[in-house]
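Summary of structural features
Take a look at the letters that make up each chain.
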Amino acid sequence: MWRMGEQLGNWAGNLFFGAARIHRPTTIEQAQAIVARSVKVRVIGSRHSFNRIADTDADLISLENLPPTMRIDAARSTVTVGAGVKYGQLGQFLHRAGYALHNMASLPHISVAGACATATHGSGDANGNLATAVMGLEFVDATGAMQSITRESDGEALDGAAVSLGAFGVITALTLKIEPSFEVQQDVYEKLPFAVLVDNFDAIVSSAYSVSLFTDWRQPTVNQWWCKRKIESARFDAPAEMFGATRARYDRHPIDSVPADSCTTQMGVPGPWHERLPHFKMEHTPSNGEELQSEYFVPREHAVATIQAVATLGAELAPQLMISEIRTIAADRLWMSPCSGQPGVGLHFTWKKNWPEVRKLLPKLEMALSPFDVRPHWGKLFTMSPDRVRSSYRRLAEFQALVRRYDAAGKFRNAFLDSYAM
């Protein structure tokens, strides 16, 4: 069940976990036994985090071999899903049954538990992050006992636990809100002038159900503007030009020089929600091991000023940057979400795999963002001080108290959590 001395890395290959023992339980009972006898434990899902949020020097539990449970409760419009299930798997299952999630992240390869635990988000003015769909959690607590937190039974406590940061225990299942399945068409526009974006930001980011703006910050333009439109009755007749940007004539990859084979279908071709809302296809694994990622969130009211501030650093960012993405996310009430209490704008940076140089850039980028109440993505690379991160979460003390209810001794804590969240 475990192998001492095994070295396990994350998806990007930029870090290796320091665990003394790596466990891959095949049943929940095995996971309970591991937790009960362990002094310190952390959990990994699909290993798509870029920092040490999941690291430990003791026992590391992988969810990859737990049963891929997926059960629909039509009466409650929910699905209960095993924590190790990936969004691509869940999307296929739900669509076949006539249901959908409200949103998807760029990659369908990430696990449901890991994405919700770190407030991974997707895009859309009216779309909350993935954890806003959580209606309940089942998890192994520090004693090895099974616990649950649900909206029906525990009310606001779920707002504290949905973005868990792995602090409550080993999440074994989540219950998510679902809706009727729907179709989406995806159209890409090219060369949107920054000046037009600045003057029309609200209209541009609200032009579709889900919108992504890709730029390398080298020129005063958005390289690509991806519009994912929810089809209500008939396919949308996408105009040849919008706001000075022209419709692409063939499928595009966010990075201009890369073929679009791994990308979800564009050109306005309708398709099921789970095959259009992500940027990449489930059967492809884009850029595996060849990139680093950072992401920062600012309140929606600061969107234009933030974009202008980052643009002044374009020449410095360009040598290490592969592509950057700008997205909007709806406000939520989850205590540890970067969009808690305020609609947000996410600025994502996909870097070349050159950490020494990226590490030099991040403080400059974070300094430029500092006037705008910035919060970093919990699972990506940043250099902001622990005090600065903690101070941006007004319900942090309540989160800490809720964690202690299930893990009084800090069995599931690690250096990352102690620094930034506890």
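Residues numbered from 1 in each chain as written. Predicted model: local features only at pLDDT ≥ 70, side-chain atom pairs only at ≥ 80, totals over all residues. Heavy atoms only, no water.

**Focus on the nonpolar core**
In terms of nonpolar packing, the biggest core is built from 125 residues, with L174 and F399 touching the most fellow members. In this structure, L174 is in contact with V79, T80, V81, A83, V112, A113, C116, V134, G136 and L137, ignoring residues within four places of it in sequence. One finds L8, L15, I44 and L60 within the second-largest nonpolar core, a separate group that totals eight residues. (Core = buried A, V, L, I, M, F, W, Y, C linked by side-chain atoms within 4.5 Å. Buried < 20%, exposed > 50% of the residue type's maximum accessible area, 1.4 Å probe, protein only. Contact = heavy atoms within 4.5 Å.)

**With respect to the side chain of S38**
Tracing the sequence through the fold places S38 in the loop between α1 (28-37) and β3 (41-44). Among the polar contacts made by the side chain of S38, one reaches the main-chain carbonyl oxygen of I34 at a distance of 2.6 Å. Those residues in contact with S38, other than ones at most four positions away along the chain, are D59 and K411. (Helix = DSSP H or I, 4+ residues; strand = E, 2+ residues; numbered from the N terminus. Polar contact = N/O pair within 3.5 Å; in protein donor to acceptor, adjacent residues only side chain to side chain.)

**With respect to the pairing of strand β4 (residues 59-62)**
On β4, burial covers both faces: D59 and I61 on one face and L60 and S62 on the other are all buried. Where strand β2 (residues 21-23) meets β4, three bridges bridge the pair, whose relative direction is parallel. The residue bridging I22 from the neighbouring strand is L60, located in β4. The pairing of β3 with β4 spans four bridges and is classified as parallel. Pairing of V43 across the sheet is with I61, part of β4. (Pairing = 2+ DSSP bridges.)

**What about the environment of F201?**
Tracing the chain through its elements places F201 in helix α7 (residues 201-205). Once the C-alpha coordinates of F201 and S111 are considered, the two residues, 90 residues apart in sequence, prove to be 32 Å apart. With residues near it in sequence (within four places) discarded, F201 still touches R300, A303, V304, I307, T328 and V345.

**So, the packing of aromatic side chains**
For the structure shown, the criterion picks out 17 aromatic pairs. For the pair F194 and W217, a centre-to-centre distance of 5.5 Å together with 20° between the ring planes defines the contact as stacked. Placement of the pair is F194 in helix α6 (residues 194-199) and W217 in the loop between β13 (210-215) and β14 (221-231), with a sequence separation of 23 residues. Ring geometry for F349 and W351: centres 5.5 Å apart, planes at 10°, overall stacked. The structure contains a cluster of three or more aromatic residues connected by ring pairs, namely F139, F168, F399 and Y406. A cation over an aromatic ring shows up here: K230 above the ring of F182, its NZ or CZ 4.4 Å from the ring centre. The ring of Y393 is capped by R375, whose NZ or CZ atom sits 4.8 Å from the centre of that ring. (Phe/Tyr/Trp six-rings, centres within 6.5 Å; stacked < 30°, edge-to-face > 60°. Lys NZ or Arg CZ within 6 Å of the ring centre and 35° of its normal.)

**Some words on the environment of V184**
Here V184 shows up in strand β12 (residues 183-193). Accessibility expressed as a relative area gives 0% for V184, which makes it buried. In this structure the C-alpha to C-alpha distance between V184 and L381, which are 197 residues apart in sequence, comes to 32 Å. Once you skip the residues sitting within four places of it in the chain, V184 turns out to touch K228, R229, K230, I231, V269, P270, G271, W273, R276 and L277.

**Points about the pattern of salt bridges**
Tallied over the entire structure, the rule returns 22 salt bridges. Of the charged contacts in the structure, one is a salt bridge between D125 and R300, with a shortest N-O distance of 3.0 Å. In this pair, D125 sits in the loop between α3 (112-117) and β8 (134-140) while R300 sits in the loop between β18 (292-299) and α8 (303-311), placing the two residues 175 residues apart along the sequence. By relative accessible area, which is 28% here, D125 ends up partly exposed. Across the salt bridge formed by R229 and D187, the nearest N and O atoms sit 3.3 Å from each other. Remark: D187 occurs in strand β12 and R229 occurs in strand β14; sequence separation between them is 42 residues. Among the residues examined, D187 registers a relative accessible area of 3% and is labelled buried. Taken together, the shared-partner salt bridges connect D73, R76 and E152 into one network. (Salt bridge = Lys/Arg side-chain N within 4 Å of Asp/Glu carboxyl O.)

**Remarks on the sheet that holds strand β5 (residues 70-73)**
Here five strands make up an open sheet; going across it, the order is β5-β6-β10-β8-β9 and the pairing antiparallel. The strands lining the two open edges of the sheet, one partner per strand, are β5 and β9 (146-150). Averaged over all pairs of adjacent strands, the angle between strand axes in this sheet comes to 15°, irrespective of strand direction. (Axes fitted to C-alpha atoms, helices over the stretch in contact; angles between N-to-C directions.)

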